[in-house]
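Structural overview
The residues making up each chain are set out below.
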Amino acid sequence: MELLANKVRPKKLADVIGQEHLVGEGKVLYNLVKNKKIFSMILYGKPGIGKTSIANAIVNELGCKYRFLNATINNKSDFDIVIEEAKMYGEMVVVMDEIHRLNKDKQDLLLPHIESGLIILIGLTTSNPYHAINPAIRSRCQIFELYELTKEDIVKGIKKILPYLPDIKINDEVIDYISILSSGDFRNALNILDVCYSASNDKIITIELIKQVNSKPVFFHDKNEDGYYDVLSGLQKSIRGSDVDASLHYLARLIEAGDLDSIYRRLSVIAYEDIGLANPSIGPKVMAAISAAELVGLPEARIPLGTVVVEMALSPKSNSAHVALDAALERIRKGNTGNVPNHIKNGNPAYKYPHDYPNNYVKQQYLPDLIKNEKYYNPSKNKYEDNLNKLHNEMKGENK
């Protein structure tokens, strides 16, 4: 029996749930399809948010000859067959799932045909392609990030597919419950609905029935049904605001809901976004707490997580490092920053090697000429950054 998620897979971009920044009217993928053009690309993002759906919609709307392959499951002979088919048709779109797992043999087989245009690649991955995908493949593809689906996206998507389930009886409260239970994964939401529909004699979908077929706790945190993202936001803002009791409150709500992955991701961000250089040891401590929590699982996972959250809340705070990087990124995106100065280009004998000088410092220009006087980093007032600044100034002062 065909799964509901496959039965309702979009045939055109207009049917895709969410991802308006890519498929909305006037956006890049919308315009490519409208102009009957396609280029090799990589779509990346979390599971169940529309990567395969977008690829499917593109090839269907354009009427392309295409094949779906999986970088892990399909072997080299499968790739050979697809290349021969492409030669026969003159062009072939290859939708490649788990492209980050593509080994060197398969890459070497595909690369010349991607280069020639015989193969147009649409790679799908949950991993960041800038880290996980071979540069040779990556440089030949446009990269598009898919964003997390909101609860509203999931609700809209569920309501859109209800006509595929004859005689189903479901109300808005149950749809909301499924949308929150799925944690932004639309495929998961469809699978929950599919199983409940098939497991019900009268086609009435209730929260009680959902609980019978899916034991994962839902993110209904109180009678007002505070949203999943609101509770995560509450955790971060409480730690940022140094309120240890509120931090523990929101951590407890997330632990009670059982979603450790969300806790891990959010604490990892907080360590560097909100505490940063004010307490640089907190990053490794958060990683150690996450490793311990993973090792022991719930209910014991609450112990290392609670310990590190208390320290994070009580820790001094600084966002100076990431604010500085954001300022540098903003300047880069404006363009025309100039070239790397000649004396620090690779192999230039004019370069002064700092380790050959007292205190491992010598004054020389590192920024390009066009932006040589720009300043991005402004230290926050805290003990660690004060010490760093003091040491830095002393080092430079001895070589004036």
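Here is a short report on the structure shown in this document. This structure is a prediction, so every number in the text was calculated from the model and none was measured.

1. Let's talk about the overall build of the protein
- In terms of helices and strands, the protein carries 19 helices and five strands.
- Summarising its shape, the C-alpha atoms of the protein cover approximately 80 × 60 × 40 Å along the three principal directions.
- Taken across its 400 residues, the protein has 43% of its residues classed as buried.
- A separation of at least 24 residues holds for 74% of the contacts in the protein among residues at least 6 apart in sequence.
- The averaged location of the 50 negative side-chain charges in the protein is 6 Å from the averaged location of its 50 positive side-chain charges.

2. Some details on a nonpolar patch on the surface
- Among the surface-exposed residues, Y351, Y353 and Y366 lie close enough to one another that they form a single nonpolar patch of about 310 Å² accessible area.
- Inspection of the secondary structure assignment puts Y353 in the loop between α18 (320–333) and α19 (383–397).
- Its relative accessible area of 42% is what places Y353 among the partly exposed residues.

3. A word on unusual backbone geometry
- Cis peptide bonds are those with omega within 30 degrees of zero, and the linkage from L298 to P299 qualifies with 10°.
- Summarising the element assignment, P299 is placed in the loop between α16 (282–296) and α17 (302–314).
- The phi torsion at K36 lies on the positive side, around 60°, for a residue other than glycine.
- In this structure K36 comes out as exposed when scored by relative accessible area, which is 59%.
- With a phi close to 55°, E98 is a non-glycine residue in the positive phi region.
- Looking at where E98 falls in the secondary structure, it is placed in the loop between β3 (92–97) and α6 (104–116).

4. Observations concerning the pattern of salt bridges
- According to the stated counting rule, one finds 15 salt bridges in the structure shown.
- A salt bridge links K285 to E311; the nearest nitrogen and oxygen atoms lie 2.8 Å apart. On the criterion of sequence distance, the pair formed by K285 in helix α16 and E311 in helix α17 is long-range, its members being 26 residues apart.
- A residue is classified by how much of its surface remains accessible, and K285, at 35% relative accessible area, is partly exposed.
- You can call E311 partly exposed: its relative accessible area is 27%.
- A single network of salt bridges, built from pairs that share partners, joins K12, D15 and K160.

5. Re the sheet that holds strand β5 (residues 142–145)
- Spatial strand order, β2-β3-β4-β1-β5: five strands in an open sheet with parallel pairing. Each of the sheet's edge strands pairs with one partner strand only, and the pair in question is β2 (66–70) and β5. Recorded for the sheet is a direction-independent mean angle of 20° between the axes of neighbouring strands.
- Here four bridges tie strand β1 (residues 41–44) to strand β4 (residues 119–125), and the two strands are oriented parallel to one another. Within the sheet, the bridge partner assigned to I42 lies in β4 and is G123.
- Along the sheet, helix α5 (residues 76–89) makes contact with β2, β3 and β4, crossing β3 at roughly 155°.

Here is what the cut-offs are and how they apply
Residues numbered from 1 in each chain as written. Predicted model: local features only at pLDDT ≥ 70, side-chain atom pairs only at ≥ 80, totals over all residues. Heavy atoms only, no water. Helix = DSSP H or I, 4+ residues; strand = E, 2+ residues; numbered from the N terminus. Buried < 20%, exposed > 50% of the residue type's maximum accessible area, 1.4 Å probe, protein only. Contact = heavy atoms within 4.5 Å. Lys, Arg positive; Asp, Glu negative; His and termini not counted. Charge placed at Lys NZ, Arg CZ, Asp CG, Glu CD. Patch = residues over 30% accessible without salt bridge, like charges linked within 9 Å, V, L, I, M, F, W, Y side chains within 5 Å. Areas by Shrake-Rupley, 256 points an atom, 1.4 Å probe, with all protein chains shown as cover. Salt bridge = Lys/Arg side-chain N within 4 Å of Asp/Glu carboxyl O. Pairing = 2+ DSSP bridges. Axes fitted to C-alpha atoms, helices over the stretch in contact; angles between N-to-C directions.

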